[in-house]
Amino acid sequence: ETAVFQTPNYHVTQVGNEVSFNCKQTLGHDTMYWYKQDSKKLLKIMFSYNNKQLIVNETVPRRFSPQSSDKAHLNLRIKSVEPEDSAVYLCASSLTGGLYEQYFGPGTRLTVL
Amino acid sequence: GDSVTQTEGLVTLTEGLPVMLNCTYQTIYSNPFLFWYVQHLNESPRLLLKSFTDNKRTEHQGFHATLHKSSSSFHLQKSSAQLSDSALYYCALSGTGGYKVVFGSGTRLLVSP
């Protein structure tokens, strides 16, 4: 049973547009993450939040901005997408911090034309 | 910063042969947590096993791994490969900071009849 939910499943857009992805977890976890999985399947952390506070902000372009309204929700907005943003964006959650198992959502596949 | 190295991009095996996927890591943190995640086709990564205890074997679903801090290694092994083991395997590290998990580049395991 999926406990980390992501919408949309797929999104196709053109260069320069703005996109938003949503993530919700029903596990009662304190920590949530955004990862980018590229076409070579490299999995890189972008952001992590703990109790809706930003903890980790990796070296991602400024056009990426995470938003958290509460500890169960973590959204990702990309202003003015670029072709290199085409990837699968995976949301995950863990009990508290990276020492615990992470549960991943199904991912949002972004294609930038 | 922390890093994880998986030297094999692809491992191909015949069913019934033993599996060994290599993982080494670098961190200044003296008590790192190491993980193996598995990602089957069209699915998201899920935890296979984890460890933080030096020289203690951890087992799950027929796979096992032992964290060796002296050699900074956490190799994944299985005595007999099955067709259903075909998947992408990530080694991951949670070290410095606790809210950031670094993933290796992944090893694709293909098991043939």
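Since we're looking at a predicted model, the values are computed, not measured.

Asks: Summarise the pattern of salt bridges; cite the residues concerned and give the values.
Replies: Counted according to the given criterion, the structure contains seven salt bridges over all chains. The shortest N-O distance in the salt bridge between Glu18(A) and Arg77(A) comes to 3.9 Å. Of this pair, Glu18(A) sits in the loop between strand S2 (10-13) and strand S3 (19-25) while Arg77(A) sits in strand S8 (residues 73-78); the two residues are 59 residues apart in sequence, bridging distant segments of the chain. Judged by its relative accessible area of 47%, Glu18(A) falls in the partly exposed class. Residue classification places Arg77(A) among the partly exposed positions, given a relative accessible area of 26%. Note that Lys78(B) is salt-bridged to Asp85(B), the shortest N-O span being 2.7 Å. Judged by relative accessible area, Lys78(B) falls into the buried class, the value being 7%.

Asks: Got a sec to walk through the sheet that holds strand S3 (residues 19-21) of chain B? Specific residues and values, please.
Replies: Residue and element names in this part refer to chain B. Judged by pairing direction, the sheet is antiparallel, and its four strands sit side by side in the order S3-S9-S8-S7 without closing on themselves. Looking along the sheet, the strands with just one partner apiece sit at the ends: S3 and strand S7 (57-60). Adjacent strand axes in the sheet meet at a mean angle of 20° when their direction is disregarded. Taken together, the three bridges between S3 and strand S9 (residues 76-78) define a ladder with antiparallel strand orientation. Along S9, the bridge assignment pairs methionine 20 with glutamine 77.

Asks: Give a detailed account of the interface of chain B and chain A, specifying residues and quantitative values.
Replies: Taken together, the contacts link 18 residues of chain B with 25 residues of chain A. Interface area, chain B with chain A, both sides summed: about 1,800 Å², of which 59% is carbon and sulfur. In terms of surface lost to chain A, no three residues of chain B exceed Tyr99(B), Lys100(B) and Phe103(B), which account for 34% of the buried area on that side. Between Glu58(A) and Lys100(B) there is a salt bridge; the shortest N-O distance is 3.1 Å. Between chain B and chain A we count seven residue pairs in polar contact (both at pLDDT 80 or more) in total. Those elements giving two or more residues to the side of chain B that touches chain A turn out to be strand S5 (33-39), strand S6 (46-51), strand S10 (87-94) and strand S11 (101-103) of chain B. In terms of residue count, the dominant contributor to the side of chain B that touches chain A is S5(B) (four residues). Of the residues belonging to the side of chain B that touches chain A, the class tally is ten nonpolar, five polar and three charged.

Thresholds applied
Residues numbered from 1 in each chain as written. Chains lettered and ligands numbered in written order. Predicted model: local features only at pLDDT ≥ 70, side-chain atom pairs only at ≥ 80, totals over all residues. Heavy atoms only, no water. Salt bridge = Lys/Arg side-chain N within 4 Å of Asp/Glu carboxyl O. Helix = DSSP H or I, 4+ residues; strand = E, 2+ residues; numbered from the N terminus. Buried < 20%, exposed > 50% of the residue type's maximum accessible area, 1.4 Å probe, protein only. Pairing = 2+ DSSP bridges. Axes fitted to C-alpha atoms, helices over the stretch in contact; angles between N-to-C directions. Contact = heavy atoms within 4.5 Å. Buried area = accessible area lost by both parts, 1.4 Å probe. Polar contact = N/O pair within 3.5 Å; in protein donor to acceptor, adjacent residues only side chain to side chain. Nonpolar A, V, L, I, M, F, W, Y, C, P; charged D, E, K, R; others polar.

This is a description of form; function is not addressed.
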